[in-house]
Amino acid sequence: MIKNLTKHGNSLALVIEKPVLELLGADAKTQFKITTDGKALILTPVTGDEREKEILDAAERITEKYSDVFRRLAE
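S.K.: Whenever I open this one, the pairing of strand E3 (residues 32-36) confuses me. Can you help?
M.R.: In regular strands, side chains alternate between the two faces of the sheet. For E3 and strand E4 (residues 41-45), the ladder comprises five bridges, and the chain directions are antiparallel. Its bridge partner lying in E4, Phe32 is registered against Pro45. Following E3, the chain reverses through four residues before pairing antiparallel with E4; Gly38 in that reversal takes a positive phi of roughly 95°.

S.K.: Whenever I open this one, the environment of Val46 confuses me. Can you help?
M.R.: Residue placement: Val46 occurs in the loop between E4 and helix H2 (48-65). The class of Val46 is buried, set by a relative accessible area of 19%. With near-sequence residues (within four places) excluded, Val46 lies in contact with Gln31, Phe32, Lys33 and Arg51.

S.K.: When you look at a nonpolar patch on the surface in this model, what are you seeing that I'm missing?
M.R.: Together, Leu5, Leu12, Leu14, Ile34, Leu41 and Leu43 line one region of the surface with nonpolar side chains, adding up to about 620 Å² of accessible area. Tracing the chain through its elements places Leu5 in the segment before strand E1 (6-8).

S.K.: Looking at this structure, I do not really get the pattern of salt bridges. What am I missing?
M.R.: Between side chains of opposite charge, pairing is possible as soon as their charged atoms come close. Per the counting criterion, the structure on display carries three salt bridges. For the salt bridge of Glu17 with Lys3, the shortest nitrogen-to-oxygen distance reads 2.5 Å. A residue pair is termed long-range when its members are at least 10 positions apart, and Glu17 in the loop between strand E2 (11-13) and helix H1 (18-24) and Lys3 in the segment before E1 qualify at 14 residues. The closest approach of N and O atoms between Arg71 and Asp68, which form a salt bridge, is 2.9 Å. Of this pair, Arg71 and Asp68 are both found in helix H3 (residues 67-74), three residues apart, which corresponds to roughly one turn of the helix. Judged by its relative accessible area of 47%, Arg71 is partly exposed. The partly exposed category is assigned to Asp68, whose relative accessible area is 47%.

The rules behind the values
Residues numbered from 1 in each chain as written. Predicted model: local features only at pLDDT ≥ 70, side-chain atom pairs only at ≥ 80, totals over all residues. Heavy atoms only, no water. Pairing = 2+ DSSP bridges. Helix = DSSP H or I, 4+ residues; strand = E, 2+ residues; numbered from the N terminus. Buried < 20%, exposed > 50% of the residue type's maximum accessible area, 1.4 Å probe, protein only. Contact = heavy atoms within 4.5 Å. Patch = residues over 30% accessible without salt bridge, like charges linked within 9 Å, V, L, I, M, F, W, Y side chains within 5 Å. Areas by Shrake-Rupley, 256 points an atom, 1.4 Å probe, with all protein chains shown as cover. Salt bridge = Lys/Arg side-chain N within 4 Å of Asp/Glu carboxyl O.

Following this line, the structure appears as structure tokens:
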């Protein structure tokens, strides 16, 4: 399948047709992880497990960075 980008405000968008979304089990609320190998875009639907891991990792980074502040607030 060959697609053209579509102007969307000051950006460009790639429209993904319903059959492709259905194949991926995705809909309008699905988040996608966007990566590249330098030549191609790779769109991967984010699953609940991946999203949970991202949230836990972020919480851990915040806890490490602000542990002194949290400790003082708790006192």
